[in-house]
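What follows is the residue order along each chain.
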Amino acid sequence: QVQLVESGGGLVQAGGSLRLSCAASGRTFSVYGMGWFRQAPGKEREFVAAINWSGGITNYADSVKGRFTISQDNAKNTVSLQMNSLKPEDTAVYYCAAGPSKIGPIMPTMVASWGQGTQVTVSS
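Residues numbered from 1 in each chain as written. Predicted model: local features only at pLDDT ≥ 70, side-chain atom pairs only at ≥ 80, totals over all residues. Heavy atoms only, no water.

Novice: What should I look at first to understand the overall build of the protein chain in this one?
Specialist: A tally of helices and strands in the protein chain yields zero helices and 11 strands. In sequence order, the secondary structure elements of the protein chain are arranged as β-β-β-β-β-β-β-β-β-β-β. If you line up the protein chain on its principal axes, its C-alpha atoms span 40 × 25 × 25 Å. Per-residue burial for the protein chain yields a buried fraction of 44% across its 124 residues. For the protein chain, contacts bridging at least 24 residues in sequence account for 57% of all contacts bridging at least 6. Summing over all exposed atoms, the protein chain offers an accessible surface of approximately 6400 Å²; the carbon and sulfur share of this is 50%. One finds the centroid of the 10 positive side-chain charges in the protein chain at a distance of 5 Å from the centroid of its 7 negative side-chain charges. (Helix = DSSP H or I, 4+ residues; strand = E, 2+ residues; numbered from the N terminus. Buried < 20%, exposed > 50% of the residue type's maximum accessible area, 1.4 Å probe, protein only. Contact = heavy atoms within 4.5 Å. Areas by Shrake-Rupley, 256 points an atom, 1.4 Å probe, with all protein chains shown as cover. Lys, Arg positive; Asp, Glu negative; His and termini not counted. Charge placed at Lys NZ, Arg CZ, Asp CG, Glu CD.)

Novice: Mind showing me how you'd approach the sheet that holds strand β7 (residues 68–73) here?
Specialist: What holds strands together in a sheet is hydrogen bonding between their backbones, with the strands either parallel or antiparallel. One open sheet holds the four strands; their spatial order is β1-β3-β8-β7, and the pairing between them is antiparallel. Each of the sheet's edge strands pairs with one partner strand only, and the pair in question is β1 (2–7) and β7. In this sheet, adjacent strand axes meet at a mean angle of 20 degrees when their direction is disregarded. Two strands pair when backbone bridges link them, and strand β3 (residues 18–26) and strand β8 (residues 78–83) are joined in this way by six bridges, in the antiparallel orientation. Residue pairing for β8: Cys22 is matched across the bridge by Val79. (Pairing = 2+ DSSP bridges. Axes fitted to C-alpha atoms, helices over the stretch in contact; angles between N-to-C directions.)

Novice: Would you explain the environment of Phe37 in this entry?
Specialist: Here Phe37 is to be found in strand β4 (residues 33–39). Here the alpha-carbon distance between Phe37 and Gly117, two residues 80 residues apart in the chain, equals 9.2 Å.

Novice: What is the right way to read the side chain of Glu6 from this model?
Specialist: With respect to the helices and strands, Glu6 occurs in strand β1. The side chain of Glu6 sits in the buried core without any salt bridge; Arg45 is the nearest counter-charge, 7.6 Å away. In terms of polar contacts, Glu6 uses its side chain to reach the backbone amide nitrogen of Gln116, at 3.1 Å. A polar side-chain atom of Glu6 sits 3.0 Å from the main-chain amide nitrogen of Gly117. Sequence-distant contacts of Glu6, that is, excluding residues within four places in its chain, are made with Ser21, Cys22, Trp36, Tyr94, Tyr95, Cys96, Gly115, Gln116, Gly117 and Thr118. (Salt bridge = Lys/Arg side-chain N within 4 Å of Asp/Glu carboxyl O. Polar contact = N/O pair within 3.5 Å; in protein donor to acceptor, adjacent residues only side chain to side chain.)

Novice: Would you mind going over the side chain of Ser113 with me for this structure?
Specialist: Checked against the element boundaries, Ser113 lands in strand β10 (residues 113–114). The class of Ser113 is buried, set by a relative accessible area of 10%. Once residues lying within four places of it in the same chain are set aside, the contact partners of Ser113 are Val2, Leu4, Cys96, Ala97 and Ala98.

Novice: When you look at the pattern of salt bridges in this model, what are you seeing that I'm missing?
Specialist: Side chains that carry opposite charge are capable of pairing whenever their charged atoms lie near each other. Under the criterion given, the structure shown has three salt bridges. Overlapping salt bridges bring together Arg38, Glu46, Arg67 and Asp90 as one network.

Novice: Even after reading the chapter, I still don't get the packing of aromatic side chains, so can you show me in this structure?
Specialist: Given two aromatic rings, one states the distance between the centres and the angle between the planes to describe the pair. For the structure on display, the rule yields three aromatic pairs. Centre to centre, the rings of Phe37 and Phe47 are 5.7 Å apart; their planes meet at 75 degrees, and the pair counts as edge-to-face. Of this pair, Phe37 sits in strand β4 while Phe47 sits in strand β5 (residues 46–52), and the two are 10 residues apart along the sequence. Using a relative accessible area of 15% as the deciding quantity, one classes Phe47 as buried. Between Tyr95 and Trp114, the ring centres sit 6.3 Å apart and the planes meet at 85 degrees, which makes this aromatic pair edge-to-face. Note that Tyr95 is positioned in strand β9 (residues 92–99) and Trp114 in strand β10, a separation of 19 residues in sequence. With a relative accessible area of 30%, Trp114 lands in the partly exposed category. Ring pairing ties together the aromatic residues Phe37, Phe47, Tyr95 and Trp114, which thus form one cluster. Between Arg45 and the ring centre of Tyr95, over which it is positioned, the NZ or CZ distance is 3.6 Å. (Phe/Tyr/Trp six-rings, centres within 6.5 Å; stacked < 30°, edge-to-face > 60°. Lys NZ or Arg CZ within 6 Å of the ring centre and 35° of its normal.)

Below you can see the structure in the form of structure tokens.
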């Protein structure tokens, strides 16, 4: 099992930036990829971004590509999500995710461990 703890959520105006971080602990040797999902009220949890833990290969949802950047710090077992040009549509609870897939957790079914989530609210 892997424990994930997110931080960095908050309230920001449209067009602003926010940086989320996720620290992994526990059996991180079983993790080959990490990423971020988000869930707005009344909607399904959706993929945002993922990164291959060792290779640095990234994957983004079309809705955030060009605005969000995922990065990792292997030495600290952390992954971050830099969010720029935020829109009200980005408002959601953001969840850190980890899984055994070599391509990263790009679908909820590929996630082995979830963080508790951190709220991101973008005002118009």
